[in-house]
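What follows is each chain in one-letter form.
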Amino acid sequence: MRKTRRKKTRSKKKWWIALAVVIALGLTAVGGTYYYVDRRVAQRIAPQSSGLIPAIYSDSFLISKQHALKPPIIREQLLKRHYLEVSGKPEHPGEFTFQPDKLNVITREFLGMDGKMHPSQHATVAGNGSFQVLSSNAANSFELEPVILATLGSGEVEARNYKKLQDIPKMLINAVLAIEDERFYDHFGIDLEGILRAIITNVRAGAMVQGGSTITQQLAKNAILTSARTLQRKFLELFAAVSLEQRLSKDQILERYLNEVYLGQEGAVSIHGVAEAASTYFGKKLDEISLPEAALLAGIIKGPSYYSPRKHIKRALIRRDLVLTKMLELKMITPEQYQAARRTRIVIAREGKHKRSAPYYIAALKKSLDSTLNIDAALLSGLTVHTGLNPDLQACAEQALTSGLAALEKEIPSLKRAKQPPLQAALVSIEPYSGKIRAWVGGRDFSESQFNHVSQASRQIGSTIKPFLYLTALDPALNSYKVATATSILSDTPQHLTMKADDIWEPENYDHEYRGNVTLRYALENSLNMPAIYVSERVGIKTIAENLRRFHVAKNVPAVPALALGALDTTLLDLTAAYATLANGGLYVEPRIFLSASDTQGEELVSVPIREERVANEDPVYVLTNILQGVVERGTGASVRRTGYRGPAAGKTGTSNETRDAWFVGFTPTLTTGVWVGYDDNSKTGLTGGKAAAPIWGNYMKCVEPLLGDDAFVAPTGIVYVDVDSASGDLASRDCPNSQVVKEVFVRGTEPREYCGVHGRYASDEPRAEKPSPQEENTAPEKRRKRSVWDILFGG
């Protein structure tokens, strides 16, 4: 009997021990899970606790004494950043006063791409026609904070407008609480009473008609965890809700929820937050919406797609009335307000507010980020990406491309092919000395085609290759033949070249005409093919191919005769970067799609430093640049000036074989931009670079000109300007008619040594070499003297 009792006692002890172990393991698992979720919650809420939003940011906006801008431009930039214009003297960061002759501003501090906090600055700017910085904390310059291009998360681009809880209308807050979580201020993140009520309701209905998730749980699901519907996610959601309630106050949770909640889709952009939704659906600021509009917004939270007011207005109104009924039951509104709200007609704004910001650029950026860091892990720490993109330049680029294609199709209706892919175009802008991408438009409509014509399309570049060909002749470091000058005489006559397998190649000029002997300047300004062939034969195709590789024009450069006329495929990005090297005086800088990525506390995750390489001497590059200015003034790129753009410009048109591709790549001292036009199926367009691409470039530059300042091309110290007689090409003498005397640019030491013998020669004459004048327009005539001796092909 005693043995039996002892056995039972030992058995009970074993059960208790086992139960204790199970409980201990369970508590350990629960504790471990809570710790894991709590850490994750802490990571995700930390960025906003510091007032920073994880996002893709534009470049900061620099205003300096050297970069003078007109008053309306600066004011516009301040207003875009939601600075407050005050009547008196500004007293707080984010305030400014504006008068016709003076602007006084206190900038906000911001976390820069270097991970350092840029302090607030008090600057006074005055000017007559253009501003000059008179005082600031940083050497006559100050910066405005970057703006958000897009938020990066879950593979989508989001739009939101963050609002403090006190700035959200009370009636909207009540509407959301009434329909989503009426006991929000009474539970601890998990509403047990609400869960029980939902279970009973669903059992009675025989279907899932009511949910039990609190606002805290929804925030945990939307902002902390994934939206996947799994038991594991639901389990973790409970822990995350409790963690949120421990770390944030009820008002903080509600504020985050109202700014994070998903409220629909417009195109490729997801709408988050009540402020953004009010602007999207009603075209109103949040404090302007009415009670029925507030109820409608609250109602669509349950199913933004199902209750979309654009697609399913009847469903949305039925849901709105349900919200109003709940508000009446909870005595949040009066019966009179209820009846008036139900009778009120809701007007939904037209779709189009969220034309996705720089969609092709964002897609390329995300691809680049994916190759350099773990996006999912980075998002946990609040991924902040700093870029060089300028939103104003981007807007100008998109407008110029859209209007340019529309103008072409209006003038030439056959360009709009029935049941065929539409005419495409692309534009990219690069800052030459930093490699920053300033604007990027990869196609005419991202919603129709995501193929990125800036970085993914490899097309034949045509005559845009010629500047690099002629630079090979102009720069003694790039060829072992002779040094050319702008006045070197080239032969523009028919040629018959024997290729491999005894094939005969008979290249010709685009207009099928020949001009005999012409100057190098005239040949390049007018994009003649035959002089380019002559130069390639003298300096060597292999030498030209090597120079193209040095400039990173293309990854694969075949050394074939047709290379001289642009038989080379590359991307718009690579070609534009090569031209940016010319703008940068022969110093190649690798394009930077983004500058750095960090967490929102400034801890750097990855950075892209400036990578530069000297590929050509600055003196011959300047001579080439001067000739390319002539392309715009009187050559194949003259359509640029017809757009109304009057700023400094150098560039080159290009048209590929059988007019399949139209190009224009041009630059100013501070910006290089490439434009391409063509069909995706490589069909003939019948368009030249001067007809299709150059006007788009010109309209873009006209739009961005107010933002660029008054920078001009500055000649290096090794450059001289010499008065030359246009008939003989020699130094101008006193007898040379003024109408034939032009000022030509030379690398010092290559200028002509002899005086003009056509109009007379004086032994007392001195060469009229002058120091370079950057503002001086080159007025070289379209055609130079004629010679037939090839030995003077490369004069000097």
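Think of each chain on its own: its residues are numbered from 1, step by step along the sequence as written. Confidence filtering applies because this is a predicted model: local features only for residues at pLDDT of at least 70, side-chain atom pairs given and counted only at 80 or more, and all residues used for totals across whole chains, interfaces and linings. Excluded from the side-chain calculations are hydrogens and water; all other atoms, namely the structure's heavy atoms, are used.

(A) Here's a closer look at the confidence of the model for the protein chain. With 79% of its residues at a pLDDT of 70 or more, the protein chain has an overall mean of 83. The predictor rates its confidence in each residue with pLDDT, a number between 0 and 100. Should any heavy atoms of two residues lie within 4.5 Å, those residues are counted as being in contact. Under a pLDDT of 50 for its full length, residues 47-51 has, in the predicted model, 12 contacts with residues more than four places off or in other chains. Here residues 761-796 scores under 50 on pLDDT; set against residues more than four positions off or in separate chains, the count is 101 contacts.

(B) Structural detail: the packing of helix α3 (residues 170-180) against helix α9 (residues 291-299). For helices, the axis comes from a line fit to the C-alpha atoms of the stretch in contact; other axes are also lines fit to C-alpha atoms, and the angle between any two N-to-C directions lies between 0 and 180 degrees. Only DSSP runs of H or I with at least four residues qualify as helices, and only runs of E with at least two residues qualify as strands; both kinds are numbered from the N terminus onward. With their axes 9 Å apart at the nearest point, α3 and α9 run at an angle of 40 degrees to one another. Considering their axes alone, α3 and α9 lie oblique with respect to each other. Relative to α9, the crossing made by α3 is right-handed. Listed contacts from α9 to Met171, Leu172, Ala175, Val176, Ile179 and Glu180 of α3 are Leu291, Ala294, Ala295, Leu297 and Ala298. Oblique is the label for any angle not covered by the other classes, which are roughly parallel (under 35 degrees), roughly antiparallel (over 145) and roughly perpendicular (65 to 115). Here a crossing is taken to be left-handed if its near helix is turned anticlockwise relative to the far helix by less than a right angle, and right-handed if that turn runs clockwise.

(C) Spatial organisation of the sheet that holds strand β16 (residues 424-430). Here, strands pair whenever DSSP counts at least two bridges between them. Here we have 5 strands laid out as an open sheet, ordered β17-β16-β30-β29-β28, and antiparallel in their pairing. Looking at strand neighbours, the two that pair on one side only are β17 (437-441) and β28 (650-655), the edges of this open sheet. Going from strand to strand, the sheet's axes swing by 10 degrees on average, the running direction of each strand aside. Inspection of the sheet shows strand β29 (residues 661-667) paired to strand β30 (residues 672-678) by 7 bridges, in the antiparallel sense. Counterpart to Ala662 in the pairing with β30 is Val677.

(D) Spatial organisation of helix α7 (residues 250-260). Here α7 lies mainly inside the structure; 9 of its 11 residues are buried. Summary of the burial criterion: residues with accessible area below 20% of their type's maximum are buried, those above 50% are exposed, and those between are partly exposed, where the area comes from a 1.4 Å probe applied to protein chains only. Residues of α7 that are buried: Lys250, Ile253, Leu254, Glu255, Arg256, Tyr257, Leu258, Asn259 and Glu260.

(E) How the structure looks around the pattern of salt bridges. What makes a salt bridge here is a side-chain nitrogen of Lys or Arg within 4 Å of a carboxyl oxygen of Asp or Glu, nothing more. Applying the stated rule across the entire model yields 29 salt bridges. Two residues, Lys326 and Glu182, come together in a salt bridge whose shortest N-O distance is 2.8 Å. Separated by 144 residues along the polypeptide, Lys326 in helix α10 (residues 313-329) and Glu182 in the loop between α3 and α4 (192-205) bring together distant segments of the chain. Where Glu411 meets Lys691, a salt bridge forms, and the shortest distance between an N and an O atom there is 2.5 Å. Taken as a pair, Glu411 in helix α14 (residues 391-411) and Lys691 in helix α22 (residues 689-708) lie far apart in primary sequence, 280 residues in all. Judged by its relative accessible area of 34%, Lys691 is partly exposed.

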